[in-house]
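Secondary and tertiary structure notes
This is what each chain is made of:
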Amino acid sequence: MDNRHKFPGILVQQQIHEKDDSFSTDAISKKTSTFNECDVKCSVGPRHGIINHLYVYGTPWRFTFSMEGEKYYPQLKVEKDAWKRNQFFVTTSFQSEVLNTYVETFRFNTTDMRVQSTAVNYSTAIKGASFLAKNCKSKNNRERVVQQLINSTFRVDSLSRCLHNAEPPEGVIMASTPKSMIMQKYLFHLAFENQNTDDYITEKLWLTLDSGTVPVYFGAPNIKEHGLPINSMIHVSDYASIEELAEHLTKVANNETLYNSYHTWRKQLLPEAFLEKYLPIRMISKDCRVCRWAHAKKYGLGWDHPTQTLRSTVLSREVCVDNETNLLRSPVVESWWELESGTPSPVKVVSDSIEYANACPLSKDRKVRVKRDLIRSVWSSDGTTDMLLEGMPSESLMMRLVLPITQHGPVQYFSIDTAWIQDDKSRITLVIVDGSGNGAAQLIKRVQSGSLDIEMKPDLLPLRIRVIVEDKDLHHEGADDSPTYYGQAMIEDVSCYPELFALNGTMNQTDLERFIHADAGQDNGRNQLHLRHQHTKRGHLHSSALH
């Protein structure tokens, strides 16, 4: 994963540009710059206003950016099937592909994992709560709660336009004094959101915690799932009535020991659950995380949603062969069997020559004569394992591929030539196309505990096989039954453009490009289209960066 910068980069812009011509024009490389803190070449365009739509260059993917809540802007609700329409989100919802929170307003030391602010002075602070809000038409009717508290025996000073009932404390100028300094004048602050939406936790809470006072919180129903320190705030939802809440606030305000118990957490390490949820967001900018996500999706790498990080795939993509036999040892184990006797018997395969090039990872294509009249070539291409079988064997043979997945569900056939097996974390896709137009559905004869048998009949050659190893999409509901963007591109390479696939195994890059750019009289239009298709889908991948 250390060679991500070999890739052209990720460009996120205001205009949609689905055709990825980065290979021929170097468009992405010219426009992208690497942020000091970002581990992916990345450029994200400017955003203005409350909601912004930006597109990942070379794809149909649309990102919706916003820090507002869905109760005011319904279009920000992350629908379960939005990903199927290539619509993705950068919002406060933890269902978003990329998280966009207000936690930056809460200062904590990322070295010793402690909060940086101290508690307000109990002796000098006003024994009541402040409330700051201009919007008096909230979606959760917070005004009713505030008004009931104002009408109680507990002191509430509403200092802004909404429910204004008090002048600011001495030394406070509402037009210029920072909110945190206003909050510090009181023992409590009513941190009331303008809507009750899961994960919609704004600066109203974070800034209150940072100011050193005690938040009285009303807002996100799942606030307790966010790992905040125990006894760091008072939840309105914990009380049967506003009268009961007012009585508790009065009790705490008049008992210094009890009040200080709400600040004990300030001297302790922040909870692990909080750090797991928010430290990754705090450490890396959302723009970088957008590029990370797009990079993982585009190039078939692993993506960890909770930590918003790229990682290698759970199963290795490294292509390795045995130096003596040239048979595959990774990512699948290859063996050959004769079928003439009715009971499969192993074929002893010995390489015709000793290869000195690297066998793990494979540095060049390897050929082996399985039988006198059957040759199998193997090479690594864009993070896949590719095989080509040629010849005219006189008997039926069987190739057995043992996959690194043993606990799997039934084989799923995506099309006539494509099948995949998956467990709870990984998917291995096989694309098999023979010379007669048959595919995986006809040629895979047995699947058991991660072992696949593929029948090789003399009239089926040449036979093309691609093995695609990737992580499952665990974030989106229904993704189990759909190919990924990367997987789809790798499938189409084989099933739609078999001529070029065969050439990939037998030509070097110079010869391959010469073939593709030959005179039009050679009927190579389809091959030129395929080269563009490769650049469109893969963004000019580097196989060494995909292991």
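Our subject is the structure listed above.
Now for a look at the structure at hand.

The rules behind the values
- Residues numbered from 1 in each chain as written.
- Predicted model: local features only at pLDDT ≥ 70, side-chain atom pairs only at ≥ 80, totals over all residues.
- Heavy atoms only, no water.
- Pairing = 2+ DSSP bridges.
- Helix = DSSP H or I, 4+ residues; strand = E, 2+ residues; numbered from the N terminus.
- Buried < 20%, exposed > 50% of the residue type's maximum accessible area, 1.4 Å probe, protein only.
- 1 Å grid on protein atoms, 1.4 Å probe; cavity = no way out; pocket = protein on both sides within 12 Å on 5 of 7 lines; lining within 4 Å.
- Points joined across faces, edges and corners; volume = space filled by probe spheres on them.
- Nonpolar A, V, L, I, M, F, W, Y, C, P; charged D, E, K, R; others polar.
- Core = buried A, V, L, I, M, F, W, Y, C linked by side-chain atoms within 4.5 Å.
- Phe/Tyr/Trp six-rings, centres within 6.5 Å; stacked < 30°, edge-to-face > 60°.
- Polar contact = N/O pair within 3.5 Å; in protein donor to acceptor, adjacent residues only side chain to side chain.
- Contact = heavy atoms within 4.5 Å.
- Disulfide = S-S within 2.5 Å.

1. Section: the sheet that holds strand β5 (residues 87-91)
What links the strands of a sheet is backbone hydrogen bonding, and the strands pair in either a parallel or an antiparallel sense. In spatial order, the strands read β2-β1-β3-β4-β5-β6; together these 6 strands make up an open sheet with mixed pairing. Looking at which strands have only one partner, the edges of the open sheet turn out to be β2 (42-44) and β6 (98-99). Where strand β4 (residues 62-65) lies against β5, 4 bridges are found, and the strand directions are parallel. Residue pairing in the sheet places T64 in a bridge with F89 of β5.

2. Quick notes on unusual backbone geometry
The omega torsion across S330 and P331 is 5 degrees, close enough to zero to call that bond cis. Take P331: it is sitting in the loop between β15 (328-330) and β16 (333-338). The backbone of M113 sits at a positive phi, close to 60 degrees, despite the residue not being glycine. Within the secondary structure, M113 is located in the loop between β6 and β7 (126-131). A relative accessible area of 17% places M113 in the buried class. Residue N141 is not a glycine yet carries a positive backbone phi of 55 degrees. Structurally, N141 can be placed in the loop between β7 and α3 (142-150). For N141, a relative accessible area of 39% gives the class partly exposed.

3. Structural notes on empty space enclosed by the protein
Here the structure, examined in full by the defined rule, presents 3 cavities of 30 Å³ or more. Of the pockets and cavities examined, the largest cavity occupies roughly 60 Å³. Lining the largest cavity are E68, G69, E70, L76, T91, T92, S93, T197, D198 and Y200. Across the lining of the largest cavity, the residue classes break down as 2 nonpolar, 5 polar and 3 charged.

4. A closer look at the nonpolar core
Counting residues in hydrophobic clusters, the biggest one holds 39 residues, and the most contacted among them are W336, L389, M399, I432, I454, M456 and I465. For this core, the leading source of residues is strand β27 (residues 463-471), giving 4 residues. Residues Y122, I234, I242 and A246 belong to the second largest nonpolar core, which totals 29 residues.

5. A word on the pairing of strand β22 (residues 412-415)
Pairing of β22 with strand β23 (residues 418-422) involves 3 bridges; the strand directions are antiparallel. Across the sheet, the residue bridging to Q412 is W420, located in β23. If you look at the hairpin formed by β22 and β23, you'll find 2 residues sitting between the two strands.

6. A few points about the packing of aromatic side chains
Counted by the stated rule, this structure contains 21 aromatic pairs. Each ring, one from F106 and one from F274, has its centre 6.0 Å from the other, and the planes form 80 degrees; the classification is edge-to-face. With F106 in the loop between β6 and β7 and F274 in helix α8 (residues 272-283), this pair connects stretches of sequence that are 168 residues apart. This pair shows no difference in class: F106 is buried, exactly as F274 is.

7. Some thoughts on the side chain of T91
Mapped onto the elements of the fold, T91 is located in strand β5. Among the polar contacts listed, one links the side chain of T91 to the backbone nitrogen of S93, at a separation of 3.2 Å. A polar contact is formed between the side chain of T91 and the side chain of S96, at a distance of 2.5 Å. If we ignore the near neighbours within four places in the chain, the residues touching T91 are T64, S66, L76, V78, S96, V98, L99 and N100.

8. With respect to the state of the cysteines
Going through the model one piece at a time under the given rule, you end up with 4 disulfides. Between the sulfur atoms of C38 and its disulfide mate C288 the distance is 2.1 Å. Negative torsions about the S-S bond denote left-handed disulfides, and the value of about 85 degrees found for C38 with C288 makes this one right-handed. Taken as a pair, C38 in the loop between α2 (27-31) and β2 and C288 in helix α9 (residues 286-299) lie far apart in primary sequence, 250 residues in all. Residue C288 is classed as buried on the basis of its relative accessible area, which comes to 0%. Disulfides within the chain link the bonded cysteines, taken in sequence order, as 1-5, 2-6, 3-4, 7-8.

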